[in-house]
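# Coordinate inspection notes
Each chain, written out:
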Amino acid sequence: MGEIVSSAELSDIAGWCDHLILAAPLTEETRGLVGAEVLAAMKPDAHLVNIARGPMVDEAALLAALRNHQ
């Protein structure tokens, strides 16, 4: 079975990912897992693919990152 990481751990990993794919159930632990910190850590040309539930990504943080060309 997979392992749920905290957003702090995900920030460490996101910096070297070319593709960050979310595939997990939506729980209180995963809600907002990808926020401003994780998005800022990602490479400018990295891809975020969410095949899980939408609320795993902080929508306001995602919109801000896109507007700032991050």
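Residues numbered from 1 in each chain as written. Predicted model: local features only at pLDDT ≥ 70, side-chain atom pairs only at ≥ 80, totals over all residues. Heavy atoms only, no water.

Attention shifts here to the confidence of the model for the protein chain. For the protein chain, mean pLDDT is 89; residues scoring 70 or higher make up 89% of the total. No element of the protein chain has a lower mean pLDDT than helix H1 (residues 7-14), which averages 83, and none a higher one than helix H3 (residues 59-67), which averages 96. (pLDDT = per-residue confidence, 0-100. Helix = DSSP H or I, 4+ residues; strand = E, 2+ residues; numbered from the N terminus.)

What follows concerns the pattern of salt bridges. Using the criterion set out here, one finds two salt bridges in the structure. One salt bridge in this structure joins Glu-28 and Arg-31, with 3.8 Å as the shortest N-O distance. Accessibility expressed as a relative area gives 67% for Glu-28, which makes it exposed. (Salt bridge = Lys/Arg side-chain N within 4 Å of Asp/Glu carboxyl O. Buried < 20%, exposed > 50% of the residue type's maximum accessible area, 1.4 Å probe, protein only.)

Inspection of the secondary structure assignment puts Ala-23 in the loop between strand E1 (19-22) and helix H2 (36-41). Measuring from C-alpha to C-alpha, the distance between Ala-23 and Val-49 comes to 8.9 Å, with 26 residues separating the pair along the chain.

Let's shift gears to a nonpolar patch on the surface. Together, Ile-21, Val-49 and Ile-51 line one region of the surface with nonpolar side chains, adding up to about 280 Å² of accessible area. Positionally, Ile-51 belongs in the loop between strand E2 (47-50) and H3. Taking relative accessible area as the criterion, Ile-51 reaches 61% and is therefore assigned exposed. (Patch = residues over 30% accessible without salt bridge, like charges linked within 9 Å, V, L, I, M, F, W, Y side chains within 5 Å. Areas by Shrake-Rupley, 256 points an atom, 1.4 Å probe, with all protein chains shown as cover.)

Strand direction decides the pairing type here: E1 and E2, joined by four bridges, are parallel. Residue pairing in the sheet places Ile-21 in a bridge with Val-49 of E2. Note on the crossover from E1 through H2 to E2: the handedness is right-handed. (Pairing = 2+ DSSP bridges. Right-handed = clockwise from strand over helix to strand, strands pointing away.)

The next thing to look at is the nonpolar core. In this structure, Leu-10, Leu-20, Leu-22, Val-34, Val-38, Leu-39 and Met-42 are the most contacted members of the largest nonpolar core, which totals 14 residues. When contributions to this core are tallied by element, the ones reaching two or more residues are H1, E1, H2 and H3. (Core = buried A, V, L, I, M, F, W, Y, C linked by side-chain atoms within 4.5 Å.)

This part is about the environment of Ala-65. Checked against the element boundaries, Ala-65 lands in helix H3. For the pair Ala-65 and Leu-39, spaced 26 residues apart in the sequence, the C-alpha separation amounts to 6.9 Å. If near-sequence neighbours (up to four positions away) are discounted, Ala-65 is found in contact with Leu-39 and Gln-70. (Contact = heavy atoms within 4.5 Å.)

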